[in-house]
Amino acid sequence: MEFATFILAAQRGYHQSCDSVIGNSIEQAIASEQAGFNTAWFAEHHFNNYSLVPSPLMMVAHCAGLTSTIRLGTGVCVLPLYQPQRLLSEIGFADIVSNGRLELGVGSGYQQFEFERFGVDVDQAPAVFAEYLDILLKGLNQKIFEHNGQYEKIPLTAISLRTVQRPAPPIWIACGSARSMCRAYREGHNLFVTAFHNGLENVRTLRETIVAAAASRGKDVTAAKIGLLRCCYASDDQAEIDSYLDNARFQRRLSEALHQRRQQSRDGYLLQETPTQQDLSFETMRQNLPIGSVSRVIDRLLEEISILKPDQIAIQTQLGDFDQKTMLRQIELWGDKIIPSINKSLG
């Protein structure tokens, strides 16, 4: 089983400076390598405090010089917000400076607030994503390519910066629907999925959807790698756990508001955290998630792994204003106890 950290780089309030948020995110990526994690993923968002990383490829390039073995992933590049021609060169650059350690995660995006400020129609995002991914595949696999589509018309073009990994870095699709899962299986990409803060029943449903998507393309479900994004935290300190849950719920509130096209902001930047009907109590979150003592986290993760059968677990480490020193100790704990125990149990 591979393990990864998912680094959102959130800013919960003005008591956190933007440079401290980015600095903490970089420090967590370095700590992830030292703890033995396989991958560090970096998110992409714009224009508000939900996430301060505008370019995950810039984070990959920077962290490439501070690490040597951990793979570095974009989680994800929101394709409709890019010029795919330029993105191809940036992908090549990031893979070169990381010595072939790039994991390329891509997605269609969902936040209208972001799309409006780029002049892109969020309702067209799935169609734009599909075409732009076609362009990326051409540019990664062909020395010279052209494209004549609905959204882009590109004459014969050569990308000067070719990736170290041939023919391309592993591509992961953020799969929020069966449609995106089907494309992943059709073209041989990996799947990045989440069960949010829900419990085992949601994990089972997720597995059933993935199996059906693979079958619809005549593929065995093992033909693609599956990565599960999960909130996990191990501690016997209830105050620590409550702080982690509070920050996880904060992030979910902001994500839901942006997904529902509500921009809850008083000053045009800092999003207002507003309780919703979808909120879960801390007790329910503890029951649903791999959270609690080390043994509880291990047992619960093994149960979820037996249901979903993922190839990678990506744990959310950078949430809200959770204490940085405590999180660095958490990452170290995973490397010392949790990851070895799970892999031993899996044989």
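Residues numbered from 1 in each chain as written. Predicted model: local features only at pLDDT ≥ 70, side-chain atom pairs only at ≥ 80, totals over all residues. Heavy atoms only, no water.

Enquirer: Help me out: how do you make sense of the sheet that holds strand β9 (residues 226-230) in this one?
Expert: Strand-to-strand pairing in sheets goes through backbone hydrogen bonds, with the strands running parallel or antiparallel. What the eight strands build is a closed barrel, ordered β1-β2-β3-β4-β7-β8-β9-β12; its pairing is parallel. Within this sheet the neighbouring strands show an average axis-to-axis angle of 25°, counted without direction. Sheet analysis places strand β1 (residues 2-7) next to strand β12 (residues 312-318), joined by six bridges and oriented parallel. Opposite F3, over in β12, you have I313 as the bridge partner. Helix-sheet contacts for helix α5 (residues 125-141) involve β4 (102-107) and β7 (171-174), and the interaxial angle to β4 is about 155°. (Pairing = 2+ DSSP bridges. Helix = DSSP H or I, 4+ residues; strand = E, 2+ residues; numbered from the N terminus. Axes fitted to C-alpha atoms, helices over the stretch in contact; angles between N-to-C directions. Contact = heavy atoms within 4.5 Å.)

Enquirer: Just checking my understanding: could you explain the pattern of salt bridges for this structure?
Expert: Where charged atoms from two side chains of opposite charge approach closely, those side chains can pair. Counted under the stated rule, the structure contains 18 salt bridges. The salt bridge involving R204 is made with E201; its shortest N-O contact spans 3.6 Å. One end of the pair, R204, and the other, E201, are both in helix α7 (residues 200-216), three residues apart, so they sit about a helical turn from each other. A single salt-bridge network, built from bridges that share partners, covers R12, D246, R253, E273, D279 and D321. (Salt bridge = Lys/Arg side-chain N within 4 Å of Asp/Glu carboxyl O.)

Enquirer: Help me understand helix α11 (residues 324-346), please; the structure alone is not making it clear to me.
Expert: Residues separated by three or four positions in an α-helix point in the same direction, a consequence of the helix having 3.6 residues per turn. Taking 1.5 Å of rise per residue, the 23 residues of α11 would be expected to cover 33 Å, and the 31 Å separating its terminal C-alpha atoms lies within 8% of that figure. If you look at α11, its biggest bend is around 45°, right at W334. Looking only at α11, the buried set comprises Q324, T326, M327, Q330, I331, L333, W334, G335, I338, I339 and I342. Looking at the buried positions of α11, the neighbouring elements they touch are β1, α1 (18-35), β10 (233-234), α8 (238-259), α10 (294-308) and β12. Where α11 begins, the side chain of D323 points an oxygen toward the backbone nitrogen of K325, at a separation of 3.4 Å. (Expected span 1.5 Å × (residues − 1). Bend = angle between axes of the 7 residues up to and from the residue. Buried < 20%, exposed > 50% of the residue type's maximum accessible area, 1.4 Å probe, protein only. Polar contact = N/O pair within 3.5 Å; in protein donor to acceptor, adjacent residues only side chain to side chain.)

Enquirer: Would you mind going over the packing of α1 against helix α2 (residues 56-64) with me for this structure?
Expert: The angle between the axes and the distance between the axes are what describe a pair of packed helices. Taken N-terminus to C-terminus, the directions of α1 and α2 make an angle of 55°; their axes are 11 Å apart at the nearest point. What the angle tells us is that α1 and α2 run oblique. Along this stretch, α1 crosses α2, giving a crossing that reads as right-handed. Residues I22, S25, I26 and A29 of α1 pack against M59, H62 and C63 of α2. (Parallel < 35°, antiparallel > 145°, perpendicular 65-115°, else oblique. Left-handed = near helix turned anticlockwise from the far one by under 90°.)

Enquirer: Which parts of the structure should I look at to understand the layout of surface pockets?
Expert: Which parts of space are left empty comes out when a probe the size of a water molecule is rolled across the atoms. A volume near 160 Å³ is recorded for the second largest pocket. Residue lining of the second largest pocket: L88, G139, L140, K143, I159, L161, R162, T163, R166 and P167, and that is the complete set. Grouping the constituent residues of the lining of the second largest pocket by class yields five nonpolar, two polar and three charged. (1 Å grid on protein atoms, 1.4 Å probe; cavity = no way out; pocket = protein on both sides within 12 Å on 5 of 7 lines; lining within 4 Å. Points joined across faces, edges and corners; volume = space filled by probe spheres on them. Nonpolar A, V, L, I, M, F, W, Y, C, P; charged D, E, K, R; others polar.)

Enquirer: Is there a simple way to think about a nonpolar patch on the surface in this case?
Expert: A cluster of nonpolar residues, F93, I96, V97, L161 and V164, forms a patch on the protein surface that exposes about 370 Å² of accessible area. Relative to the helices and strands, F93 resides in helix α3 (residues 84-97). Using a relative accessible area of 44% as the deciding quantity, one classes F93 as partly exposed. (Patch = residues over 30% accessible without salt bridge, like charges linked within 9 Å, V, L, I, M, F, W, Y side chains within 5 Å. Areas by Shrake-Rupley, 256 points an atom, 1.4 Å probe, with all protein chains shown as cover.)

Enquirer: What is the right way to look at the side chain of S180 in this model?
Expert: With respect to the helices and strands, the residue S180 is situated in helix α6 (residues 178-187). Discounting residues that sit within four places of it in the chain, S180 has contacts with I173, A174 and C175.

Enquirer: What exactly am I supposed to notice about the UniProt feature "domain: Luciferase-like" (unreviewed entry) in the protein here?
Expert: Within this structure's numbering, the places UniProt gives as "domain: Luciferase-like" (unreviewed entry) are residues 1-303. Here residues 1-303 is 43% helix and 17% strand, with 14 Å between the C-alpha atoms at its ends. (UniProt positions renumbered as here; feature names shortened; annotations may be inferred.)

Enquirer: Would you mind showing me how to read the state of the cysteines here?
Expert: Disulfides are covalent bonds that link the sulfur atoms of two cysteine residues. Taken as a whole and judged by the stated rule, the model has zero disulfides. With no disulfide of its own, C77 lies closest to C63 among cysteine sulfurs, the gap being 14 Å. Cysteine C231 remains unbridged, with the sulfur of C232 as its closest cysteine sulfur at 7.3 Å. (Disulfide = S-S within 2.5 Å.)

Enquirer: Just to check I follow, could you spell out the packing of aromatic side chains for this structure?
Expert: To describe a pair of aromatic rings, one takes the distance between the centres and the angle between the planes. All told, the structure shown has ten aromatic pairs when counted by the stated rule. Centroid distance W41 to W172: 5.5 Å. Interplanar angle 80°. Geometry classified as edge-to-face. Of this pair, W41 sits in strand β2 (residues 39-42) while W172 sits in strand β7, placing them 131 residues apart in sequence. When its relative accessible area of 0% is taken as the criterion, W41 is described as buried. In this structure W172 comes out as buried when scored by relative accessible area, which is 0%. In this structure an aromatic cluster arises from ring pairing among F6, W41, W172 and F192. Between the NZ or CZ atom of R117 and the centre of the ring of F113, over which it lies, the distance is 3.8 Å. (Phe/Tyr/Trp six-rings, centres within 6.5 Å; stacked < 30°, edge-to-face > 60°. Lys NZ or Arg CZ within 6 Å of the ring centre and 35° of its normal.)

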